[in-house]
Amino acid sequence: MSFLTDSFLSALKLMASLDAALIEIVTVSLKVSVSSTFIACFIGVPAGFVISTYNIPFKRSVITLLNTLLALPTVVIGLFVYAFISRNSIFGTYDLLYTQQAIIIGQSILIIPIVCVFTLSAINRIDKRYRKTALTLGANQVQTALVILVEARFGIIASVVAAFGRVISEIGISMMLGGNIRGFTRTMTTAMALQYDKGEFVLAVALGIILLSISLSVNILLNYFQGKSSE
Amino acid sequence: MILYSLKNIKKYYTGRTVLDISELDIHSGNIYTLSGPNGAGKTTFLNILSFLLMPSSGRLEFLDIPVKFNEKYLQQLRQTVVLVNQHPILFSTSVYKNIEFGLKVRKIPLKKRKKMIESALDLVDMKGFINADARHLSGGETRRIAIARAIACSPGALLLDEPTADLDLESRLTIENIIRQIHAQKNITIIFCTHDLSQASRLTSKNIYFLNGQIHDIYHENIFKGDLVASKPDEFYCKINEKILIPVQSTDKDKIKISIHPEKINIIDCKKKDSDVSLSYMGCVTHLGMEKDKIRAVIDIGISVSVLMEKSEYDLHMLRLNDSVKINFDVSGTTIL
């Protein structure tokens with residue numbers, strides 16, 4: 001028990017001293033997670049809107065596939081992306097393996113289905129009369145889409161927050177595609193795993209506290225937006 | 001000037017014909033009412049007139065130009081006609097922004113917008129609500145704002161789908177007055193659905209009656225469904241429920257839909273002995289109203305029956321609200337639909 005208390009107190013001291021290594025790891029984590037969340041929004045929100053609003057071919061099958069992808073293990077994505085970006089593969093020339101870009105690609109693949117499915121579900125909950133009202137008031141297709149997105153805004157924001165929460169805490173993709181290179185691709189989760197292997201728990205506990213704080217903030221935000229969307 | 005011209009317009013849903021109009025012209029600057037039972041095709045008709053729904057076949061002309069149902073062209077047309085739904089929905093923002101939406105898409109300059117919004121709100125007597133949150137309005141207020149939002153767009157035609165349904169009397173009369181004012185001030189063509197015939201007659205003489213998706217010249221009222229039963233070989237009845245039998249002509253169907261002409265329902269003096277009157281029903285007067293030079297009474301005999309009578313007949317029976325009356329039906333007044 002004293003081990004845990006000592007580690008916790010040392011971790012708090014480390015955080016209070018704004019340790020450079022700690023700041024660096026947190027910065028890398030936030031950078032890749034925010035980037036992948038941004039990319040997932042850019043693709044997932046319009047995709048969710050299109051699937052929800054239009055009668056695309058094989059709509060039910062696409063939704064089933066997206067729901068299946070929600071349960072995709074991070075190591076499977078790691079392997080899959082590795083097969084495309086490793087030295088001798090199709091995108092090997094771009095030299096992406098063990099870079100932050102590789103982590104961002106993998107994490108984006110992980111959360112695009114999350115953003116897409118949650119957006120789809122948020123838009124499905126929106127009353128169909130909004131579309132009809134926008135059209136009869138003379139709106140074009142883009143203006144009508146914006147009306148629907150604005151009405152579904154809280155549900156969509158909740159999907160983005162949930163996606164960010166998923167990537168900030170994942171380890172498989174960061175480890176397999178980033179390689180846990182210090183100062184470059186070392187994220188909070190990969191650093192924690194390494195510190196654990198080395199038996200040095202102070203940094204691991206400090207990172208754990210930060211990760212939990214971020215997760216708590218994300219969940220408070222998620223709860224807020226989910227509450228707003230059901231108003 | 002002819003605003004809409006419809007020729008052989010049909011609309012099918014999963015093989016069922018919901019609208020079948022052989023020919024109809026709608027002239028601009030008039031108020032039209034659409035009436036008929038539920039499922040008669042009124043809302044489908046309004047959706048086609050508002051260019052939100054494409055007919056399955058036929059030719060629709062708007063201001064003498066055939067309507068092409070492609071999205072880009074339709075958007076231009078939709079900027080000239082606005083439909084207000086039966087249960088309108090307001091965007092979850094302020095009243096001001098709701099009304100501003102139609103003006104924004106029409107690229108009305110910012111400076112002009114506020115004046116137009118205030119003028120539209122003034123017309124529906126809701127000027128004090130300009131900054132109110134649209135989500136917190138009552139049903140009647142929502143409809144008035146929805147009408148203001150439509151009017152602000154200065155449409156050539158305003159289509160209203162049952163604008164007074166589910167509203168209390170005060171709100172109904174307010175909406176009626178708004179319709180009158182809009183027509184008087186803006187001379188906009190107004191087409192609206194209603195089940196209230198008194199309201200229709202108060203607002204216009206141009207009524208289009210729908211039944212089973214078609215336009216009928218004869219107005220059918222008191223429409224009921226029931227089973228055909230025969231008491232004697234030549235006496236047939238429509239059994240509406242366990243207690244009510246309405247005399248009808250013979251037919252080969254088992255399940256029938258009938259209409260009862262409101263002027264051919266007899267009110268029987270309760271004080272008189274009426275041994276010769278068979279199948280009469282006691283009921284209660286639930287509604288009384290003037291309709292042009294006649295009196296309309298709604299009598300609840302277990303089903304609500306609308307009776308139309310001359311003023312002299314009304315004076316004779318001295319009907320008052322909640323009075324008990326006895327009525328009976330004549331076979332000549334019923335039509336099998």
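This structure is a prediction, so every number in the text was calculated from the model and none was measured.

## Some points on the overall build of chain B
- Along the backbone of chain B there are eight helices and 20 strands.
- Summarising its shape, the C-alpha atoms of chain B cover approximately 75 × 45 × 35 Å along the three principal directions.
- Considering chain B as a whole, with its 337 residues, one finds that 51% of them fall into the buried category.
- Considering only intrachain contacts with a sequence separation of at least 6, the fraction spanning at least 24 residues in chain B is 66%.
- On chain B, roughly 16600 Å² of surface is accessible, and the fraction owed to carbon and sulfur atoms is 49%.
- Charged side chains in chain B number 45 positive and 39 negative. The centres of these two groups are separated by 9 Å.

## Quick look at the overall build of chain A
- Summing up its helical and strand segments, chain A has 11 helices and zero strands in all.
- Along the three orthogonal principal directions, the C-alpha set of chain A runs to about 65 × 45 × 25 Å.
- Out of the 231 residues belonging to chain A, those deemed buried represent 46%.
- Sequence separation of 24 or more characterises 75% of the internal contacts of chain A that already satisfy a separation of 6 or more.
- In the structure as shown, chain A presents an accessible area of about 11700 Å², 69% of it carried by carbon and sulfur atoms.
- Averaged over its 16 positive side-chain charges, chain A has a centre that lies 13 Å from the centre of its 10 negative ones.

## Considering the side chain of B:Ser5
Residues and elements named next belong to chain B.
- Structurally, the position occupied by Ser5 is in strand S1 (residues 2-13).
- Here the side chain of Ser5 touches Asp25 through a polar contact of 3.0 Å, side chain to side chain.
- Dropping the residues within four chain positions of it, Ser5 is found in contact with Leu24, Asp25, Arg59, Leu60 and Glu61.

## Focus on the pairing of strand S8 (residues 189-193) of chain B
Residue and element names in this part refer to chain B.
- Among the five residues of S8, five are classified as buried, and the element is accordingly described as predominantly covered.
- By the alternation rule, side chains of S8 split into Thr189, Ile191 and Cys193 and Ile190 and Phe192, which are all buried.
- Both strand S3 (residues 31-35) and S8 contribute to a ladder of four bridges, which runs parallel. Residue pairing across strands places Ile31 opposite Ile190, the latter belonging to S8.
- As defined by bridge partners, strand S7 (residues 157-160) adjoins S8 across four bridges and the pair is classed as parallel. Directly across from Leu158, in S8, lies its bridge partner Ile190.
- Taken together, S7, helix H6 (residues 169-186) and S8 constitute a β-α-β crossover, and its handedness is right-handed.

## A word on the nonpolar core
- B:Phe101, B:Leu121, B:Ile147, B:Leu158, B:Leu160, B:Ile182 and B:Ile190 are the most contacted members of the largest nonpolar core, which has 71 residues in total.
- At eight residues, the largest contribution of residues to this core is made by helix H5 (residues 100-124) of chain A.
- Residues in contact with B:Leu158, not counting those within four places in the same chain, are B:Val82, B:Val84, B:Ala150, B:Ile151, B:Ile182, B:Ile188, B:Thr189, B:Ile190 and B:Ile191.
- Within the second largest apolar cluster, 31 residues are counted, among which are B:Phe45, B:Ile48, B:Leu60 and B:Ile191.

## So, the domain arrangement of chain B
Residues and elements named next belong to chain B.
- Domain annotation for chain B reports domain 1 (2-216) and domain 2 (223-336).
- Its C-alpha centre places domain 1 at a distance of 35 Å from the equivalent point of domain 2.
- Taken together, the contact pairs seven residues of domain 1 with five residues of domain 2.
- When the two sides are added together, the surface that domain 1 and domain 2 hide from each other amounts to roughly 520 Å², 54% of it contributed by carbon and sulfur.
- On the domain 1 side of the interface with domain 2, the three residues burying the most area are Leu197, Ser198 and Ser201, jointly 60% of the side's total.

## Here's the deal with empty space enclosed by the protein
- Applying the stated rule across the entire model yields two cavities of 30 Å³ or more.
- A volume near 70 Å³ is recorded for the largest cavity.
- Secondary structure elements with two or more residues in the lining of the largest cavity: helix H6 (129-136) of chain A together with strand S6 (81-84) and helix H5 (139-152) of chain B.
- A per-class count over the lining of the largest cavity returns eight nonpolar, three polar and one charged.
- One number sums up the size of the second largest cavity: a volume of about 40 Å³.
- Taken together, A:Ser29, A:Val32, A:Ser33, A:Gln107, A:Val167, A:Ile168, A:Glu170, A:Ser174, A:Thr187, A:Met188 and A:Thr189 make up the full set of residues lining the second largest cavity.
- Among the elements of the structure, helix H2 (20-53), helix H8 (153-168) and helix H10 (188-198) of chain A are those that each provide at least two residues to the lining of the second largest cavity.

## Points about the side chain of B:Lys294
All names here are of chain B.
- As for its placement among the helices and strands, Lys294 is situated in strand S17 (residues 294-300).
- For Lys294, a relative accessible area of 18% corresponds to the buried category.
- At a separation of 2.8 Å, a polar atom in the side chain of Lys294 contacts the side chain of Glu263.
- The residues touching Lys294, leaving out its near neighbours within four places in the chain, are Glu263, Gly289, Leu308, Met309 and Glu310.

## A closer look at the interface of chain B and chain A
- Tallying the contact residues gives 23 residues for chain B and 17 residues for chain A.
- For the chain B and chain A pair, buried surface summed over both sides reaches about 1800 Å², with 56% attributable to carbon and sulfur atoms.
- Seen at the junction of chain B and chain A, the total is zero salt bridges.
- Here chain B is connected to chain A by nine residue pairs in polar contact (both at pLDDT 80 or more).
- When contributions to the side of chain B that touches chain A are tallied by element, the ones reaching two or more residues are helix H2 (71-78), S6 and helix H3 (95-105) of chain B.
- In terms of residue class, the side of chain B that touches chain A is made up of 11 nonpolar, eight polar and four charged.

About the thresholds
- What you see as residue numbers is a count from 1 along each chain, following the sequence as written.
- Written order decides the labels, with chains lettered from A and ligands numbered from 1.
- The model is predicted, so local features are restricted to residues of pLDDT at least 70 and side-chain atom pairs to those at 80 or more, both for listing and for counting; the totals for chains, interfaces and linings are taken over all residues.
- To obtain the side-chain values, all non-hydrogen atoms of the structure were included, while hydrogens and water were left out.
- Put simply, DSSP H or I for four residues or longer makes a helix, DSSP E for two residues or longer makes a strand, and each gets a number counted from the N terminus.
- Buried residues are those whose accessible area, probed at 1.4 Å on protein chains only, stays under 20% of the maximum for their type, while exposed residues exceed 50% and partly exposed ones sit between those limits.
- Whether two residues touch is decided by their heavy atoms; if any such pair falls within 4.5 Å, the residues are in contact.
- Every accessible area reported is derived by Shrake-Rupley at a probe size of 1.4 Å, with residue values counting cover from the shown protein chains alone.
- In this count, Lys and Arg are taken as positive residues and Asp and Glu as negative ones, while His and the chain termini are left out.
- Charge placement uses NZ in Lys and CZ in Arg. For Asp and Glu, CG and CD serve respectively.
- Under this definition, polar contacts are N or O atom pairs within 3.5 Å; protein pairs additionally need one hydrogen-donor-capable and one acceptor-capable atom, and for neighbouring residues in sequence, both atoms have to be side-chain atoms.
- Strands are labelled as partners when DSSP assigns at least two bridges between them.
- With the strands pointing away from the viewer, any crossover whose connection runs clockwise from the first strand over the helix to the second is right-handed.
- For the purposes of this section, nonpolar cores are sets of buried Ala, Val, Leu, Ile, Met, Phe, Trp, Tyr and Cys residues that join through side-chain atoms within 4.5 Å.
- Domain start and end points were adopted from an automatic or database domain assignment.
- The term buried area means the drop in 1.4 Å probe accessible area that two parts suffer when joined, counted for both and summed.
- For cavity detection a 1 Å grid was placed over the protein atoms alone, and a set of points counts as a cavity when a 1.4 Å probe fits there but cannot get out; an open set counts as a pocket when protein lies on both sides within 12 Å along at least five of seven lines, with lining residues being those that have an atom within 4 Å of a point.
- Grid points are joined across faces, edges and corners, and a volume is the space filled by probe spheres set on the points.
- Throughout, the ten residues Ala, Val, Leu, Ile, Met, Phe, Trp, Tyr, Cys and Pro are labelled nonpolar, Asp, Glu, Lys and Arg are labelled charged, and all others, Gly among them, are labelled polar.
- Whenever Lys or Arg places a side-chain nitrogen within 4 Å of a carboxyl oxygen from Asp or Glu, that contact is recorded as a salt bridge.

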